[in-house]
Amino acid sequence: NPGDVVLDPFCGCGTAVAAAQKLGRHWLGIDITHLSVALMKYRLRDMFNLEPKKDYEVVGEPEDLDGARQLANDDKYQFQWWALSLIEAQPLGGQAGSKQGKKGADGGIDGVIPFIEQEKGQRVRREVLVQVKGGANVQRADIANLTAAVAREKAAIGVFITLEAPTAPMRKEAASAGFYLSPVWGKNYPRIQILTIEDLLDGRQIDMPPAYGTFRQAG
């Protein structure tokens, strides 16, 4: 009945939660994966303009660096999916409800953000490739490998998300990759960008053209 509480203990992509919200029921949704949690958050925003911490509560997501480190130590895939959700990237190799993921065929790329450019009078899909590292041993070679992947996949931009602070050689390697010039926006964007988890928790985002068809629209 309207006003009753609907409990979905395995809510996956959030169909029951969305139906309960639409029909005026209270709801509790539970899922074990951060991939599903992220998808439900995007779905509630896109369908009902609801925002976490304002309109409903999310329990179990990291809220600070200590929580992020704990998640990285407990489960690298859950950390990866949670980190990707902070920039609304489409995960590669993961499905809602799955506790494990796998690397994409492009070797080490964890997520992608598509956007649309206009080139020679035609709409063209371009991509931002994202790699997530939760360990302490990040180094210049990681940035060089991402730069190579961006070139190999003909992507526009590469983003390296790291739990620990990047080294000076990593920043130098990223800067040496140059820029991506958007023909639509007429702006240069750093081709390789490094973002820390602390940056993302503080609200910093990727410097890129407006995204199109991101993971939040998958529901």
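Scope of this entry: the structure provided in the associated data block. This structure is a prediction, so every number in the text was calculated from the model and none was measured.

## Considering the overall build of the protein
- The secondary structure content of the protein amounts to seven helices and nine strands.
- Classification of the 219 residues of the protein by burial places 42% in the buried group.
- For the protein, restricting intrachain contacts to residue pairs at least 6 apart in sequence, the fraction spanning at least 24 positions comes to 58%.
- Only carbon and sulfur atoms are counted for the fraction: they give 49% of the accessible area of the protein, which is about 11800 Å².

## Observations regarding the sheet that holds strand E6 (residues 157-162)
- Spatially, five strands are ordered E3-E4-E5-E6-E9 in an open sheet, and the strand pairing comes out mixed. Both outer strands of the open sheet, strand E3 (90-91) and strand E9 (192-196), are each paired with one neighbouring strand and no more.
- Looking at chain direction, strand E4 (residues 111-119) and strand E5 (residues 122-133) are connected through nine bridges and run antiparallel. In the sheet register, Gly111 faces E5, and the bridge partner there is Val130.
- Along the sheet, helix H5 (residues 140-152) makes contact with E5, E6 and E9, crossing E6 at roughly 150 degrees.

## Describing unusual backbone geometry
- Positive phi is not limited to glycine here, since Glu88 has a value of about 60 degrees.
- Note on Glu88: relative accessible area 19%, which makes it buried.
- At Lys120, a position not held by glycine, the phi torsion is positive, near 55 degrees.
- Structurally, Lys120 can be placed in the loop between E4 and E5.
- Residue classification places Lys120 among the exposed positions, given a relative accessible area of 88%.

## Points about the nonpolar core
- Counting 29 residues, the largest nonpolar core has Phe79, Val128, Val130, Ile161 and Ile197 as its most contacted members.
- Elements supplying a minimum of two residues to this core: helix H3 (65-74), helix H4 (76-85), E4, E5, E6 and helix H7 (197-201).
- Broken down by element, the residue count for this core peaks at six residues, all from H4.
- Discounting chain neighbours no more than four positions away, the residues touching Ile161 are Ala83, Ile87, Val130, Gln131, Val132, Lys133, Leu195, Ile197 and Leu200.
- Ranked by size, the runner-up nonpolar core spans 15 residues in total, among them Ile109, Val112, Leu129 and Val138.

## Observations regarding the packing of aromatic side chains
- Taken as a whole and assessed by the stated rule, the structure comprises four aromatic pairs.
- A centroid spacing of 6.0 Å and a plane angle of 70 degrees characterise the contact between Phe115 and Tyr180, whose relative ring orientation is edge-to-face. Of this pair, Phe115 sits in strand E4 while Tyr180 sits in strand E7 (residues 179-182), and the two are 65 residues apart along the sequence.
- Assessed through its relative accessible area of 0%, Phe115 is described here as buried.
- On the basis of relative accessible area, Tyr180 is assigned to the buried category, the value being 8%.

## Section: the pattern of salt bridges
- What the rule picks out here adds up to ten salt bridges.
- A salt bridge links Arg45 to Glu88; the nearest nitrogen and oxygen atoms lie 3.0 Å apart. One end of the pair, Arg45, is in helix H2 (residues 34-48); the other, Glu88, is in the loop between H4 and E3, and 43 residues separate them in sequence.
- Linking Glu173 and Arg140 is a salt bridge whose minimum nitrogen-to-oxygen distance equals 3.0 Å. Taken together, the residues Glu173 in helix H6 (residues 168-175) and Arg140 in helix H5 connect sequence positions 33 residues apart.
- One network of salt bridges, with partners in common, ties together Arg45, Asp46 and Glu88.

## Structural notes on the packing of H2 against H4
- Axis separation between H2 and H4 bottoms out at 8 Å; the angle between their running directions is 20 degrees. The angle between the axes of H2 and H4 places the two elements in the roughly parallel class. The chirality of how H2 crosses H4 is right-handed. When H2 is examined against H4, the residues His34, Leu35, Ala38 and Tyr42 are found in contact with a partner set consisting of Gln78, Trp81, Trp82 and Ser85.
- Of the residues in the contact of H2 with H4, the class split is five nonpolar, three polar and no charged.

About the thresholds
Residues numbered from 1 in each chain as written. Predicted model: local features only at pLDDT ≥ 70, side-chain atom pairs only at ≥ 80, totals over all residues. Heavy atoms only, no water. Helix = DSSP H or I, 4+ residues; strand = E, 2+ residues; numbered from the N terminus. Buried < 20%, exposed > 50% of the residue type's maximum accessible area, 1.4 Å probe, protein only. Contact = heavy atoms within 4.5 Å. Areas by Shrake-Rupley, 256 points an atom, 1.4 Å probe, with all protein chains shown as cover. Pairing = 2+ DSSP bridges. Axes fitted to C-alpha atoms, helices over the stretch in contact; angles between N-to-C directions. Core = buried A, V, L, I, M, F, W, Y, C linked by side-chain atoms within 4.5 Å. Phe/Tyr/Trp six-rings, centres within 6.5 Å; stacked < 30°, edge-to-face > 60°. Salt bridge = Lys/Arg side-chain N within 4 Å of Asp/Glu carboxyl O. Parallel < 35°, antiparallel > 145°, perpendicular 65-115°, else oblique. Left-handed = near helix turned anticlockwise from the far one by under 90°. Nonpolar A, V, L, I, M, F, W, Y, C, P; charged D, E, K, R; others polar.

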